[in-house]
Amino acid sequence: QCSRLLHALSGQTKLAFTKSLLVPEKFKKETRDKCVQFVCQDIRPYDTISGKGFTQLAQHLVDTAARIGKFDVCEILPHPTTVSRNVEMRAQSLRKHVVEEITATISKFGCAVTADIWTETYRKTSFLSATIHYVNEQSELHSRVLFAAPFDPSTSKTGENIRRHLLQNLRVFGIDATDMGKKIIFVTDRGANMISALREYTRLNCTAHILNVTLSSAFGTAIIEKSPEIASLLTDVKKLVTYFKHSGQQGKLKKSLKQSIETRWNSNFDMLNSVLEQYEDIASVLTESNNYDKIGRISISTLKLLVSFLKPFKEATDDLETDNTAPSASLVLPWSVRLIEHYSTSSHSVHMLYKIATFLTPNLRGLRMLDERGRQNVIQGVKEMIDDLKFDHAHDEDVEPTPAKRPTVLHKFSDWEEEEESCGSKSLDVQIQEYRTMKLELSSQQNILQWWNSNSSQFPALSNLARFVLCIPATSAPSERAFSLCGRILEERRSVLKPSSVSDILFLHGNLK
């Protein structure tokens, strides 16, 4: 019996460490059937099956069975209450790990924080979200969701209360905004209470909100009334989209038509473009149902004109709302100038930090979108910021001492020798001049932060500044994406979930690897 048991265990061990097996079609079909049963019985979305968490759980169960043999899955799956308690415990543990990871880096090189306020639908609880953005020692851009902290229901959303709530929750992660001074940058919308809350700190406006306000002004009632042709087209297109969605005709088109929603950025472009792309198909469907007049009154030339006008705004928003894997701060200045040219309007102010970010993007270091006076202002801004933040000394503690040189006969004449200037002792003016005039070997696809890491010995002060400035997001979209996730967490069947649990789940979702 012992012999048979050892033989069986050896076979199971071999199975557990096998990299991959060819799964017979019979078992694949059985698995498909079980997946259908799962999504239908538990009313789950189809894409649950491909979710990272679900596949990791399934793989764990397979691996466990390979190690111990067949078992009743109910013996291993925990009770929902146990899962709930462990979510809180896991979040607390991971917060400690995140604090250890970010504390040293952000104290040395600084960070950026986005913040926003959201009120959930069911119990009207308001949350304050924050995300942090920083460049680590390996010159990698990191973006983390920190929290969605609920407000006390009796607390009004004044600037003072928001400031206190934000700073208190940042301290949980070892971030003392007061001590960090100019090494922490906040990016928010232009709400009066948020501006008041952060008046003592460096705060940048969300660039996407600025673009949205610009377009809202361009399509405001006073402007539209002066352009009856555009006003008529927008009205007719909205009616057309509504008709297709309510009449059941939508299924006859290859793509869904999109309705304009006032609170959603670029929704006018999305609506107009969805109609333009399928104009002929829409006309055919309407002709069959004797409703051609619904599109016949829409001028195709005016439709094309509006789409071409709005398209750059859509592209700019998409670029600026990057997925946090690449710097976006350097794009604010070039897109602002490009849109000003496109919009044929007077220029608006771009914050110096965003101009510096463009200068620290090697391919754009010439600042050709500015005049000479503007370029010199940016260079002066670089010098002042490096001096204020002491970035010319940030690496002093990391530099290994140069080994003593073996004396030669020439040391007797050392008072006449040429002094060798090390990279680390270059003056800031020399670093800037060499950076502006060096032969650049950087493709448009190359990682900017890695370029600065490779050239940090040649440009120590500039590379330290790049770590700081290039981590700043162009928009507050990361916080808004966090609230989109909160909306998925707090669905109708989970509306009684504790606010603290919402914050724990959001934090784990954004930080588990």
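Residues numbered from 1 in each chain as written. Predicted model: local features only at pLDDT ≥ 70, side-chain atom pairs only at ≥ 80, totals over all residues. Heavy atoms only, no water.

> Break down the packing of helix H14 (residues 300-320) against helix H15 (residues 332-343) for me, citing the residues and quoting the values.
One can describe the packing of H14 onto H15 by two numbers: an axis separation of 11 Å at closest approach and a directional angle of 170°. In terms of axis orientation, H14 runs roughly antiparallel to H15. Mapping the contact onto sequence places Ser308, Phe309, Pro312, Phe313, Glu315, Ala316, Asp319 and Leu320 in H14 and Val332, Trp335, Leu339, His342 and Tyr343 in H15. (Axes fitted to C-alpha atoms, helices over the stretch in contact; angles between N-to-C directions. Helix = DSSP H or I, 4+ residues; strand = E, 2+ residues; numbered from the N terminus. Parallel < 35°, antiparallel > 145°, perpendicular 65-115°, else oblique. Contact = heavy atoms within 4.5 Å.)

> I'd like a rundown of the environment of Ser107, residues and numbers included.
Its place among the elements puts Ser107 in helix H4 (residues 80-109). Its relative accessible area of 47% is what places Ser107 among the partly exposed residues. As a C-alpha pair, Ser107 and Gly174 span 67 residues in sequence and 9.9 Å in three-dimensional space. A distance of 3.1 Å separates the side chain of Ser107 from the backbone oxygen of Thr103, its partner in a polar contact. (Buried < 20%, exposed > 50% of the residue type's maximum accessible area, 1.4 Å probe, protein only. Polar contact = N/O pair within 3.5 Å; in protein donor to acceptor, adjacent residues only side chain to side chain.)

> Account for the pairing of strand E5 (residues 202-205), with residues named and values stated.
Here four bridges tie strand E4 (residues 184-188) to E5, and the two strands are oriented parallel to one another. By the bridge assignment for E5, Thr188 is matched with Asn205. Once the chain exits E4 it traverses helix H7 (residues 192-197) before rejoining the sheet at E5, and the crossover so formed is right-handed. (Pairing = 2+ DSSP bridges. Right-handed = clockwise from strand over helix to strand, strands pointing away.)

> Tell me about unusual backbone geometry, and please be specific about residues and values.
At Ile43, a position not held by glycine, the phi torsion is positive, near 50°. Residue position: Ile43 is located in the loop between helix H2 (25-41) and helix H3 (52-68). Backbone geometry places Leu367, a non-glycine residue, at a positive phi of 50°. By the secondary structure assignment, Leu367 is in the loop between helix H16 (352-359) and helix H17 (372-389). Relative accessible area serves as the criterion here: at 2%, Leu367 is assigned to the buried category.

> Give me the lowdown on a nonpolar patch on the surface, citing residues and values where you can.
Judged by side-chain polarity, Leu57, Val73, Ile76 and Leu77 come together as a nonpolar surface patch covering roughly 290 Å² of accessible area. Following the sequence through the fold, Val73 ends up in the loop between H3 and H4. Overall, Val73 belongs to the partly exposed group, its relative accessible area being 33%. (Patch = residues over 30% accessible without salt bridge, like charges linked within 9 Å, V, L, I, M, F, W, Y side chains within 5 Å. Areas by Shrake-Rupley, 256 points an atom, 1.4 Å probe, with all protein chains shown as cover. Salt bridge = Lys/Arg side-chain N within 4 Å of Asp/Glu carboxyl O.)

> Outline the sheet that holds strand E2 (residues 126-135), listing residues and values.
Read from one edge to the other, the open sheet built from five strands follows the order E3-E2-E1-E4-E5, with strand pairing classed as mixed. In this open sheet, the two strands that pair with only one neighbour each are strand E3 (141-150) and E5. Between one strand and the next, the sheet's axes are offset by a mean angle of 25°, whatever the strand orientation. Pairing geometry for E2 and E3, over nine bridges, is antiparallel. Bridging from a neighbouring strand, Tyr134 pairs with His142 of E3. Taken strand by strand, H4 contacts strand E1 (111-119), E2 and E3, and its axis lies near 65° from that of E2. Contacts between H16 and the sheet are confined to E4 and E5, with E5 contributing the most and set at about 80° to the helix.

> Requested: an account of H2, with residues and values cited.
The end-to-end C-alpha separation of H2 is 24 Å, in line with the 24 Å expected for 17 residues at 1.5 Å each. One or two positions beyond H2, positive phi appears at Ile43, with a value near 50°. (Expected span 1.5 Å × (residues − 1).)

> Can you break down the side chain of Asn169 residue by residue, with the values?
Along the chain, Asn169 turns up in helix H5 (residues 159-171). You can call Asn169 buried: its relative accessible area is 17%. Among residues more than four places away in sequence, those in contact with Asn169 are Phe147 and Ala149.

> For the state of the cysteines, give the residues involved together with the corresponding values.
Taken as a whole and assessed by the stated rule, the structure comprises zero disulfides. Unpaired in terms of disulfides, Cys111 finds its nearest cysteine sulfur in Cys471, a separation of 6.7 Å. (Disulfide = S-S within 2.5 Å.)

> Which residues make up the packing of aromatic side chains, and what values do they have?
Applying the stated criterion across every chain, the model contains 16 aromatic pairs. Centre to centre, the rings of Phe38 and Phe54 are 5.5 Å apart; their planes meet at 25°, and the pair counts as stacked. With Phe38 in helix H2 and Phe54 in helix H3, this pair connects stretches of sequence that are 16 residues apart. With 4.9 Å between their ring centres and 90° between their planes, Trp451 and Trp452 make a pair best called edge-to-face. For Trp451, a relative accessible area of 4% translates into the label buried. Linked through ring pairs, Phe359, Tyr435, Trp451, Trp452 and Phe459 together constitute an aromatic cluster. (Phe/Tyr/Trp six-rings, centres within 6.5 Å; stacked < 30°, edge-to-face > 60°.)

Purely spatial values, then, with no claim about function.
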